[in-house]
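Breakdown of the fold
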Amino acid sequence: SHVVGWRRPHPRRAAVIALDSPVDLLTSALDGDVPAILEVTVISAFGAGAVLAARGMLRDEEPLVVLVPPVRAPIVDKVCVEVDLGDDGEPKGLTRLFFRRLLPRSELLQLQLRVPLGLLIEENEETGHIVVTGALPGYGALGQVEVGDVIRALSCYAEVVSGAPMWQQVTSGTPMGTRALKRLAFTTEGATFSDVRAAIASHRIDDGGDGRVSLVIERAVNATTPLREEAPARLEPLAAVIANDLKLPTGGGLEAELQRLSPAERVRALLSRRGAGEE
């Protein structure tokens, strides 16, 4: 018998297929190589189909809309307006008025108008605001006010006791100073139609006024109109208030009265005043 020798076969290595680069493939196709031409044709067909499919998917999707909110100026809730009352004002010069807005988006304006104004106003029954309804041709308010403006404050002339400093008013217990016709700042919060009409009429020169009305109005502003820069409400420093008050002369003959009374008489007068107040 013959013994056939068996030898384990060597494992075969996987064949490595060399892939041509895209440049080599195109070069072979241009040279007329038929397999290369077919391969290029198949790749081009698959690429065109993929592009068409991607375009179809984009058309089916809804466009993405990004809403960017408009940039708006910050609205100050409480605003300070300085009104110049002049030399005949009480107090003299600038006085500060503080307002909270009545309208959702608005600005506060100060107007200087000559009388007669020809201003048409009405008192809103629901809100109680004094609202402008128009202006007569040929008068001071024409072209300065708009329909819907809310009158927030105005100047007026009235007889008041003034001239004495604040410390004297507080310590005296009674009004001190001189009674005189003065220019005041009059806010319309809680005021009626008759109150505002009387305040405007008080500026007539025949009645002692100067013929000039300071008017503070609140005007509605739409969303596309930029707001004016307005000063936030800030109280005047206490030191400034005290310094200005100390500059005022004492009124009512207080200095002469103090010089005329002895210390004992001043004490008796003070105690008698307190006792009368307690009764």
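These numbers were taken from a predicted model, which means no experiment stands behind them.

Conventions we followed
- Residues numbered from 1 in each chain as written.
- Predicted model: local features only at pLDDT ≥ 70, side-chain atom pairs only at ≥ 80, totals over all residues.
- Heavy atoms only, no water.
- pLDDT = per-residue confidence, 0-100.
- Helix = DSSP H or I, 4+ residues; strand = E, 2+ residues; numbered from the N terminus.
- Contact = heavy atoms within 4.5 Å.
- Polar contact = N/O pair within 3.5 Å; in protein donor to acceptor, adjacent residues only side chain to side chain.
- Core = buried A, V, L, I, M, F, W, Y, C linked by side-chain atoms within 4.5 Å.
- Buried < 20%, exposed > 50% of the residue type's maximum accessible area, 1.4 Å probe, protein only.
- Arc of directions from axis to C-beta.
- Salt bridge = Lys/Arg side-chain N within 4 Å of Asp/Glu carboxyl O.

**Let's talk about the confidence of the model for the protein chain**
The predicted model of the protein chain averages 74 in pLDDT, with 49% of residues at 70 or higher. The spread of mean pLDDT over the elements of the protein chain runs between helix α7 (residues 263-278), the lowest at 53, and strand β5 (residues 130-135), the highest at 97. Overall, residues 14-18 carries pLDDT values under 50, and its contacts beyond four positions in sequence, including any with other chains, amount to 0 contacts. Ignoring residues within four places in sequence, the model shows residues 273-279, a span with pLDDT below 50, making 1 contact including any to other chains.

**Examining the side chain of arginine 183**
Mapping arginine 183 onto the fold places it in strand β7 (residues 177-187). In this structure the side chain of arginine 183 is engaged in a polar contact, spanning 3.2 Å, whose partner is the side chain of aspartate 210. Within polar-contact distance, the side chain of arginine 183 engages the backbone oxygen of arginine 212 at 2.9 Å.

**A word on the environment of leucine 103**
Locating leucine 103 in the fold gives a position in the loop between β2 (94-100) and β3 (106-114). In the structure, leucine 103 is positioned 116 residues away from arginine 219 in sequence and 8.2 Å away in space, judged by C-alpha atoms. In contact with leucine 103, other than residues within four places in its own chain, are Glu218, Arg219 and Ala220.

**So, the nonpolar core**
One recurring pattern in soluble globular proteins is that nonpolar side chains are buried together. The biggest cluster of nonpolar side chains holds 21 residues, and the ones touching the most others in it are Leu117, Leu119, Ile121, Ile151, Leu154, Val196 and Leu215. At the level of secondary structure, the elements contributing two or more residues to this core comprise β3, β4 (119-123), β5, β6 (150-163), α4 (193-201) and β8 (212-220). Residues contacting leucine 154, with those up to four places away along its chain left out, are Leu184, Ala185, Phe186, Thr188, Val196, Ala199, Ile200, Ser214 and Leu215. With 9 residues, the next largest nonpolar core counts Leu85, Leu97, Leu108 and Ala153 among its residues.

**Digging into α4**
Along α4, the positions that sit buried rather than exposed are Val196, Ala199 and Ile200. An end-on view of α4 places all buried positions within 100° of arc, on one side of the element.

**A closer look at unusual backbone geometry**
Look at the link from glutamate 90 to proline 91: it is a cis peptide, with omega at 5°. Positionally, proline 91 belongs in the loop between β1 (78-84) and β2. Here valine 115 and proline 116 are connected by a cis peptide whose omega angle stands at 0°. Locating proline 116 in the fold gives a position in the loop between β3 and β4.

**Describing the pattern of salt bridges**
Opposite charge on two side chains permits pairing when their charged atoms draw close. For the structure shown, the criterion picks out 8 salt bridges. Glutamate 218 is paired through a salt bridge with arginine 152; the nearest N and O atoms lie 2.7 Å apart. Remark: arginine 152 occurs in strand β6 and glutamate 218 occurs in strand β8; sequence separation between them is 66 residues. Put simply, arginine 183 and aspartate 210 hold a salt bridge, and the shortest N to O gap is 3.2 Å. Within this pair, whereas arginine 183 is found in strand β7, its partner aspartate 210 is found in the loop between α4 and β8, the two being separated by 27 residues in sequence. Residues participating in the shared-partner salt-bridge network are Glu146, Asp149 and Arg219.

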